[in-house]
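# Tertiary structure, described
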Amino acid sequence: MKKILLLNGNPKQSSFTHRLSSEYQHQAEKSAMVRRFNLSEMNFDPNLASGYDEVQELEACLSDFVEALIWAEHIVIVTPVWWGGLPAKLKGLFDRALLPGMAFSFKDDSASVVQLLTGKTARVILTMDAPQEFAEQQSGPVLEQLSFYTLEFCGINKAGVTLFGSVILSDESQRNMWLKEVRSLGASIS
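My aim in this report is to walk through the structure given alongside it, one point at a time. Nothing here was measured: the structure is a model prediction, and the numbers come from that model. (Residues numbered from 1 in each chain as written. Predicted model: local features only at pLDDT ≥ 70, side-chain atom pairs only at ≥ 80, totals over all residues. Heavy atoms only, no water.)

## Description of unusual backbone geometry
Residue Ser166 follows Gly165 across a cis peptide bond; omega there is 0°. Considering the arrangement of structural elements, one finds Ser166 in the loop between β7 (160–165) and α5 (172–188). In this structure, Trp83 takes a positive phi of about 55° despite not being glycine. With respect to the helices and strands, Trp83 occurs in the loop between β3 (74–80) and α3 (88–97). On the basis of relative accessibility, which here comes to 90%, the residue Trp83 falls in the exposed class. If you check the backbone angles, Ile189 has positive phi at about 50° while not being a glycine. Along the chain, Ile189 turns up in the segment after α5. (Helix = DSSP H or I, 4+ residues; strand = E, 2+ residues; numbered from the N terminus. Buried < 20%, exposed > 50% of the residue type's maximum accessible area, 1.4 Å probe, protein only.)

Okay, here's the thing in structure tokens:
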């Protein structure tokens, strides 16, 4: 069975990303093992206060997340786009969890990076309040940061991307179509 880490990256407890994550999980669990994390339930200091100069002990939820990240073969991140970027707590999760020696290392004390999370695939599902015709343009910076400068930097294959917008202007029919699309992704584990 494929091993999936599913991260609902919305810091709000009740959100459309929560529903999307639940639909993905329900379908994926039919043929895969899924470890799900809801950012809203994770209590940790998102500030990497000393950078990499000092060790900052991981809170239990971050240790669990790191363990699941190493375990997983496929990573699914469902997150809203806020102000053209990731929610601050989600960025803090990556700052705190993707550390040298776990996600990457530096080769021979140089700036050359050794990727430590190779062989993994990923899917990024973004929700936006911007209309769909602007979704690709407005999601560009988030995808560059999340897919290229975060996941791929650590060795994870280029992420498949799904964009949903405008959530705020959508009706129940539109949301049901998006939920159906996410169920399909969960069933195919992509």
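## Notes on the environment of Cys61
Checked against the element boundaries, Cys61 lands in helix α2 (residues 60–71). Separated by 36 residues in the primary sequence, Cys61 and Ala97 place their C-alpha atoms 10.0 Å from one another. Setting aside anything within four residues of it in sequence, one finds Cys61 in contact with Phe37, Met42, Asn43 and Phe44. (Contact = heavy atoms within 4.5 Å.)

## A look at the sheet that holds strand β6 (residues 121–128)
Strand order in the open sheet made by the 5 strands is β2-β1-β3-β6-β7, with parallel pairing throughout. Bordering the open sheet on either side are β2 (32–38) and β7, each of which pairs with just one other strand. Here the strands of the sheet are splayed against their neighbours by 15° on average, with no regard to which way each runs. In this structure, strand β1 (residues 2–8) lies alongside β3, joined through 5 bridges in parallel fashion. Counterpart to Leu6 in the pairing with β3 is Val76. Against the sheet, helix α4 (residues 132–151) touches β3, β6 and β7, its axis set at about 145° to β6. (Pairing = 2+ DSSP bridges. Axes fitted to C-alpha atoms, helices over the stretch in contact; angles between N-to-C directions.)

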